[in-house]
Amino acid sequence: MKKIIVIALAALVALAACTKVNPEEKKADAISFEVATYMTKAAGNNFLKECSSFYTNAWYYPASGDAQNYMPNVQILPNSTTAPTQWAPAVAYYWPKSGYINFFSYASKNALSTNELDLGNNYTNNKGGQIKITNHKVVADDNIMIADAVYNATNASHNADGTAVTDNLATGTTDSNFKGVPTMFRHLLAQVKFNIGLATTSTHAGTNYIATVTSAKIEKVVNKGSITLTAGTTTAAALTTMPWSPASDGTVPGWTKSTVTTDVEDLTLSYTGNGDGKLTLAADSNTGNSELFLDFRSVLPQALADDVVITIKYDLQALHGQTVYITEKDLVVSAKLNTARLNATTAITSWCMNKRYTYNITIDPVTEVITFDPAVADWTYATGSLAL
């Protein structure tokens, strides 16, 4: 039988929530944060669904004198485990009566070790900053995020009216109206999801197909890498937010992947539903059922080399009605993952930061139609003589 594997892909890149600043004079109060992840209102961006806390580094610039590390890698916690939620340090920090504060915040679902994370000390030099993550091994449930840098926050102007970000709690349609440092998080990793099904471009009259996937994997995915993030500078005097470079907006991988051979793994795909996991294609149909074999998991953003290959082994039955007339075992199909196409002209050659990829894998089980090329060998002639 002729077997064809086709990869289709849907990619989602989160869009920015609206941001604006409307300073408001008020008395000095405790520093709090208004938190959002980098997604649209329709998608929902409740930070609490992704991480239980985050960390901030705040540098205070007095009216005169040297900058001070006012909040050195301070953990920021929610005041509730359900929406609405306000975020603040366990021990209150208060706004200074003069000068301004720059905030640099990050989050990680799994703790980053001191060997991996370098927060730098260059916030004192200008209104920029640098964060390095070195040799981090990405696991399935990793979630590392960086918040846009916040410059020139003061007691009078720190998102005091709650409009700088929409924190868009549980439903994606409401706003808590909390006021605080605008903290817009963007994801530093990518995520992938895989569905597998049967489909064909040439229907087979009267024949049904049933496929059982016995193994599936994505080979040679690099799982360890490093990244250096730099916050841009500004000459503005008013409250300003600015994303980091390289941009975690779904356009670039950003990370430098490890070249060590041991930092490569295969991603195993397996049926995750409650049924039997069989893939079916009905007679006279072009498309069968599609089943989930890997739900969204985190991966290191990276360029996809030619050796990153999806390989699927499966058994296939062809049936007339309910009668099996052919069974084939251990059929194998494979394809380079970088041949997956977002559309007719665009191949997905990289996994980018802050981007989710859904791969729809289809296997064509239909055989080439058996035909015959009849021919008849020429007659041979024999002539004999007989005398009587």
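Because the structure is a prediction, the values reported are computed rather than measured. Throughout this description, residue numbers start from 1 for each chain and increase along the sequence as written. With the structure being a predicted model, the display of local features is reserved for residues of pLDDT at least 70 and the display and counting of side-chain atom pairs for 80 or more, all residues being used for whole-chain, interface and lining totals. The side-chain values count all of the structure's non-hydrogen atoms but skip hydrogen atoms and water molecules.

## Description of the overall build of the protein chain
And step 1. Only DSSP runs of H or I reaching four residues or more are called helices, and only runs of E reaching two or more are called strands; each is numbered from the N terminus. Across its full length, the protein chain carries zero helices and 25 strands.
And step 2. Burial status follows relative accessibility: with a 1.4 Å probe on protein chains alone, a residue under 20% of its type maximum counts as buried, one over 50% as exposed, and anything between as partly exposed. Relative to its full complement of 388 residues, the protein chain shows a buried share of 45%.
And step 3. Long-range contacts, defined here as pairs at least 24 residues apart, represent 78% of the contacts in the protein chain between residues at least 6 apart.
And step 4. Shrake-Rupley sampling with a 1.4 Å probe provides the accessible areas, and residues are treated as covered by the protein chains on show and by no other component. Entry remark: accessible area of the protein chain is about 19200 Å², with carbon and sulfur atoms responsible for 52%. Contacts are assigned to residue pairs that have any heavy atoms within 4.5 Å of one another.

## Quick look at the packing of aromatic side chains
And step 1. Only Phe, Tyr and Trp rings take part, Trp by its six-membered ring, and two of them pair if their centres are within 6.5 Å. Stacked means planes under 30 degrees apart, edge-to-face means over 60, and tilted covers everything else. Considering all chains together, one arrives at 16 aromatic pairs under this definition.
And step 2. Relative to F54, the ring of F33 has its centre 5.6 Å away and its plane inclined at 85 degrees; by these criteria the two rings are edge-to-face. Of this pair, F33 sits in strand β2 (residues 33-37) while F54 sits in strand β3 (residues 54-61), and the two are 21 residues apart along the sequence.
And step 3. The exposure class of F33 is buried, given its relative accessible area of 1%.
And step 4. F54 gets classed as buried once you look at its relative accessible area, which sits at 0%.
And step 5. Note on F47 and W87: the rings are 5.2 Å apart at their centroids and 85 degrees apart in plane angle, and the pair reads as edge-to-face. Of the two residues, F47 is situated in the loop between β2 and β3 and W87 in strand β5 (residues 87-89); the sequence distance between them amounts to 40 residues.
And step 6. Residue W87 is classed as buried on the basis of its relative accessible area, which comes to 4%.

## Some remarks on the side chain of T200
And step 1. By the element assignment, T200 lies in the loop between β12 (190-199) and β13 (208-222).
And step 2. According to the relative accessible area criterion, T200 is buried, its value standing at 7%.
And step 3. We define a polar contact as two N or O atoms separated by no more than 3.5 Å, with the added condition that, inside protein, one atom must be a possible hydrogen donor and the other a possible acceptor, whereas residues neighbouring each other in sequence contribute only through side-chain atom pairs. Only 3.1 Å separates the side chain of T200 from the backbone oxygen of S202, close enough to count as a polar contact.
And step 4. Once you skip the residues sitting within four places of it in the chain, T200 turns out to touch L281, S285, N286, D364 and V366.

## Examining the nonpolar core
And step 1. Residues F194, I312, W351 and Y359 are the most contacted members of the largest nonpolar core, which totals 38 residues.
And step 2. Listed by contribution, the elements that provide at least two residues to this core are β12, β13, β18 (264-269), β19 (279-281), β20 (287-299), β22 (309-320), β23 (323-336) and β25 (355-364).
And step 3. Looking at which element gives the most residues to this core, the answer is β13, with six residues.
And step 4. Sequence-distant contacts of F194, that is, excluding residues within four places in its chain, are made with I218, L269, E291, L292, F293, L294, I310, L337, Y359 and I361. By nonpolar core is meant a set of buried Ala, Val, Leu, Ile, Met, Phe, Trp, Tyr and Cys residues that side-chain atoms within 4.5 Å join together.

## Side note on the pattern of salt bridges
And step 1. What counts as a salt bridge is simple: a side-chain nitrogen of Lys or Arg found within 4 Å of a carboxyl oxygen of Asp or Glu. Under the criterion given, the structure shown has six salt bridges.
And step 2. Residue K109 pairs with D141 through a salt bridge whose shortest N-O separation is 3.1 Å. Of this pair, K109 sits in the loop between β6 (100-108) and β7 (117-118) while D141 sits in the loop between β8 (129-137) and β9 (144-147), and the two are 32 residues apart along the sequence.
And step 3. You can call D141 partly exposed: its relative accessible area is 38%.
And step 4. A salt bridge links K329 to D315; the shortest N-O distance between them is 3.6 Å.

## A closer look at the confidence of the model for the protein chain
And step 1. Looking at the protein chain as a whole, the pLDDT averages 83, with 82% of positions reaching at least 70.
And step 2. When mean pLDDT is taken per element in the protein chain, strand β21 (residues 302-303) scores highest with 98 and strand β1 (residues 4-13) scores lowest with 53.
And step 3. Predicted confidence for residues 11-27 stays below pLDDT 50, and this span has 43 contacts to residues more than four positions away or in other chains.
And step 4. Per residue, pLDDT measures the predictor's confidence, with a range of 0 to 100. Counting contacts from residues 39-44, a segment whose pLDDT is below 50, to residues more than four positions away or on other chains yields 16 contacts.

## Considering the pairing of β6
And step 1. When you tally the buried positions in β6, you get eight out of nine residues, the bulk of the element.
And step 2. Strand pairing follows a simple DSSP-based rule, namely that at least 2 bridges must link the two strands. Relative to β9, β6 runs antiparallel, the two being bridged by three bridges. Paired with S108 across the strands is I144, a residue of β9.

## Remarks on unusual backbone geometry
And step 1. Cis geometry is adopted by the peptide bond preceding P246, which originates at S245 and carries an omega value of 5 degrees.
And step 2. Of note, P246 is situated in the loop between β16 (244-245) and β17 (256-257).
And step 3. One non-glycine residue with positive phi stands out, namely N152, at about 65 degrees.
And step 4. We note that N354 has phi near 60 degrees; this positive angle belongs to a residue other than glycine.
And step 5. Relative to the elements of secondary structure, N354 occurs in the loop between β24 (350-351) and β25.

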